[in-house]
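The primary structure of each chain is shown beneath.
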Amino acid sequence: MAIVLPDLPYSKDDLAPYISANTLDFHHGKHHNAYVTNLNKLIAGTDMENLSLEDIIIKSAKDPAMTGIFNNGAQVWNHTFYWNCMKKNGGGKPSGKLAEAIDKNFGSFEKFIEEIKNAAVTQFGSGWAWLVKDGDSLKVMKTSNADTPLAHGLKALLTIDVWEHAYYLDYQNRRPDYVSAFFENLVNWDFVASNL
Ligand code: MN
């Protein structure tokens with residue numbers, strides 16, 4: 001059961017001007033696709049071959065001999081999750097239970113945004129910033145390289161990719177501008193709420 005590259009949940013022009021079709025061409029068509037291809041090569045003929053992507057990640061996370069499988073598997077999962085965290089005309093504020101949970105855990109929506117933007121901007125080198133559910137509470141975290149909340153028993157609610165390949169074509173070194181555009185214009189709160 002080969003792992004398959006999912007289609008983007010929107011067309012390549014939908015996130016412009018905040019994320020260009022050119023960035024999505026490379027990021028989805030080249031980077032995400034390469035993780036899928038590499039993972040399939042690494043699991044071919046092994047007992048991982050028939051596991052779900054989630055089980056491949058959880059199993060390989062515990063085994064230092066499976067770093068390559070973990071890195072590629074987690075990157076496949078992280079990217080699929082990231083695409084769903086954005087939509088055309090996104091941004092704004094969450095409502096309902098998600099808004100209540102954010103207020104309860106962070107004090108206010110504004111404080112939450114400040115905290116997650118700070119995590120995204122200060123992640124040193126490649127990685128991800130996340131909103132996760134840890135038991136009954138919500139937390140902001142950042143991970144390096146391919147690392148993912150799944151490997152730590154946490155439920156991901158929202159992520160932003162802060163690898164340079166996510167923003168360099170549109171923003172060059174200006175990661176804070178990409179992070180701001182993500183939260184002001186792209187984030188899909190309906191998807192985030194559906195993960196709660
Ligand atoms: Mn990426």
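As a reminder, the structure under discussion sits directly above these lines.
Residues numbered from 1 in each chain as written. Predicted model: local features only at pLDDT ≥ 70, side-chain atom pairs only at ≥ 80, totals over all residues. Heavy atoms only, no water.

**Points about the packing of aromatic side chains**
Throughout the structure, instances matching the rule amount to 14 aromatic pairs. With a centroid separation of 4.9 Å and an interplanar angle of 80 degrees, the aromatic rings of Phe182 and Phe183 are classed as edge-to-face. Accessibility expressed as a relative area gives 0% for Phe182, which makes it buried. What makes Phe183 buried here is its relative accessible area of 4%. Feature note: the residues Trp77, Phe81, Tyr82, Trp83, Trp128, Trp130, Phe182, Phe183 and Phe191 constitute an aromatic cluster, connected by ring pairs. (Phe/Tyr/Trp six-rings, centres within 6.5 Å; stacked < 30°, edge-to-face > 60°. Buried < 20%, exposed > 50% of the residue type's maximum accessible area, 1.4 Å probe, protein only.)

**Some words on the environment of Lys62**
Structurally, the position occupied by Lys62 is in the loop between helix H2 (53–61) and helix H3 (67–84). Using a relative accessible area of 68% as the deciding quantity, one classes Lys62 as exposed. Residues Lys62 and Ala151, 89 residues apart in the sequence, show an inter-C-alpha distance of 8.4 Å. (Helix = DSSP H or I, 4+ residues; strand = E, 2+ residues; numbered from the N terminus.)

**Concerning the coordination of the manganese ion**
All of the protein donors around the manganese ion are His27 (NE2), His79 (NE2), Asp161 (OD) and His165 (NE2); their distances to the metal are 2.0 to 2.1 Å. Each donor residue of the manganese ion lies on the same chain, and together they follow the pattern H-x51-H-x81-D-x3-H. Of this pair, His27 sits in helix H1 (residues 21–43) while His165 sits in the loop between strand E3 (155–161) and helix H6 (168–171), placing them 138 residues apart in sequence. The pair formed by His27 and His165 is uniform in burial state, with each residue classed as buried. (Donors = N, O, S within 2.8 Å, 3.2 Å for Na, K, Ca; no water.)

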